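# Remarks on the overall topology
Single-letter residue listing:
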Amino acid sequence: MHDRFQIAPSILAADFANLGDAVFQIADEIEMLHVDVMDGHFVPNISLGPPVIASLAKATDLYLDCHLMITDPLRYLEALKASGADGITAHIEAVPNPIPVLDEADALGLDVGLVVNPTTPVDAMMPYLDRLGMVLVMSVQPGFGGQSFIEASLPKVEAFRSAIEARGLATNVQIDGGITLDNAARARDAGANILVAGSSVFRANDPLATVRELNAIVRG
Ligand code: DX5
Ligand code: ZN
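### Brief notes about the sheet that holds strand β8 (residues 194-197)
An order of β1-β8-β7-β6-β5-β4-β3-β2 is seen for the 8 strands of this open sheet, with the pairing classed as parallel. The sheet is open, and its two borders are formed by β1 (6-9) and β2 (32-38), each paired with just one other strand. Adjacent strand axes in the sheet meet at a mean angle of 25 degrees, parallel and antiparallel pairs treated alike. Sheet topology places strand β3 (residues 63-69) next to strand β4 (residues 87-91); 4 bridges connect them, and they run parallel. Residue His67 lies in a different strand from β4, and its bridge partner there is Thr89. Seen against the sheet, helix α8 (residues 207-219) touches β1 and β8 and runs at an angle of roughly 140 degrees to β1.

### Describing the pairing of β1
A two-sided burial pattern is seen for β1, the buried positions comprising Gln6 and Ala8 on one face and Ile7 and Pro9 on the other. Across 4 bridges, β1 lies against β8 in parallel orientation. Directly across from Pro9, in β8, lies its bridge partner Ala197.

### Considering the nonpolar core
Generally speaking, a soluble globular protein has its nonpolar side chains buried in company with each other. Ile11, Val35, Ile53, Ile88, Phe160, Ile175 and Leu195 are the most contacted members of the largest nonpolar core, which has 62 residues in total. Per element, the largest residue contribution to this core is 5 residues, and it comes from helix α5 (residues 153-166). If you look at the next biggest cluster of nonpolar residues, it comprises 6 residues, including Ala8, Tyr63, Met134 and Val196.

### Looking at the coordination of the zinc ion (ligand 2)
Six octahedral donors around a metal ideally sit at 90 or 180 degrees from one another, while four tetrahedral donors ideally sit at 109.5 degrees. Protein coordination of the zinc ion (ligand 2) is provided by His34 (NE2), Asp36 (OD), His67 (ND1) and Asp176 (OD), with donor distances spanning 2.0 to 2.2 Å. Its 6 donor atoms give the zinc ion (ligand 2) angles of 72 to 173 degrees at the centre, a pattern that matches the octahedral case. Note on His34: relative accessible area 0%, which makes it buried. Owing to a relative accessible area of 8%, Asp176 belongs among the buried residues under this scheme.

About the thresholds
- Residue positions are given per chain, counting from 1 as you read along its sequence in written order.
- Starting at A for chains and at 1 for ligands, labels are handed out in the order in which the entities are written.
- Only residues with pLDDT of at least 70 are given local features in this predicted model, and only at 80 or more are side-chain atom pairs given and counted; all residues enter the totals for whole chains, interfaces and linings.
- The side-chain figures draw on all heavy atoms in the structure; neither hydrogens nor water molecules are used.
- Strands are treated as partners if at least two bridges between them are detected by DSSP.
- Numbering of helices and strands runs from the N terminus; a helix is a DSSP stretch of H or I covering at least four residues, while a strand is a stretch of E covering at least two.
- Throughout, an axis means a line fitted to C-alpha atoms (over the contacting stretch in the case of helices), and angles, computed between N-to-C directions, take values from 0 to 180 degrees.
- The criterion used for residue contact is that any of the two residues' heavy atoms lie within 4.5 Å.
- Categorising residues by exposure relies on relative accessible area from a 1.4 Å probe, with only protein chains included: less than 20% of the type maximum marks a residue as buried, more than 50% marks it as exposed, and the intermediate range marks it as partly exposed.
- Here, nonpolar core refers to any group of buried Ala, Val, Leu, Ile, Met, Phe, Trp, Tyr and Cys residues whose side-chain atoms link them within 4.5 Å.
- Only nitrogen, oxygen and sulfur atoms within 2.8 Å of the metal, or 3.2 Å for Na, K and Ca, are treated as donors, and water is left out, so sites may look incomplete.
- For four-coordinate sites, all angles between 85 and 135 degrees define a tetrahedron; for four- and six-coordinate sites, opposite donors beyond 155 degrees with the remaining angles between 65 and 115 define square planar and octahedral shapes respectively, and all other cases count as irregular.

Note that all results are geometric; they support no functional claim without further evidence.
Set out below in structure tokens:
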């Protein structure tokens, strides 16, 4: 991860039968891929896990940012590291005491962040900010791509950005869900520096041009 301001395309919206090609077509414009891991328990959907991450890690040098929508993240950190994950984010709703997850990620050499759902207040994560490489604010209910952006997520981004600045930290603020060419500037202005975009990139007529446009907005 070099560029502080960037788009992280979410492969959830890609055609999994042609995943390599979907990634290669935009790879020159990005540094990070957002990989949504769902267990059918923490969220109602099931997506992918370590075998797919291992294939991606073999196929590309992109940073693999693994968003764990799973009930027991601790149990999978070792397998995720072994598969080639670079960083993970765990939901504070799944691990109200995240210390064991943070400790294990540190021990394994995985970057670690925490995620808040739209209905969870930011306060739940504030005590851990100084241990996190990233905070992730969900701007849709987790579990599915292609949903509409929840505007009420922006004040949460602002709250994290202010707390991070007040404490003199370098923590990344990521926002995930419903990001489009129309709202990306607002997300950046609220204080997000990594914007996840699934459908708006991989379902676009021209994914490469769309990533370029989104990156220009985020870096604007
Ligand atoms: C939702 C996932 C998101 C999703 C975003 O549970 O965490 O990363 O892929 O997709 P879009 O950009 O389509 O909302
Ligand atoms: Zn995600």
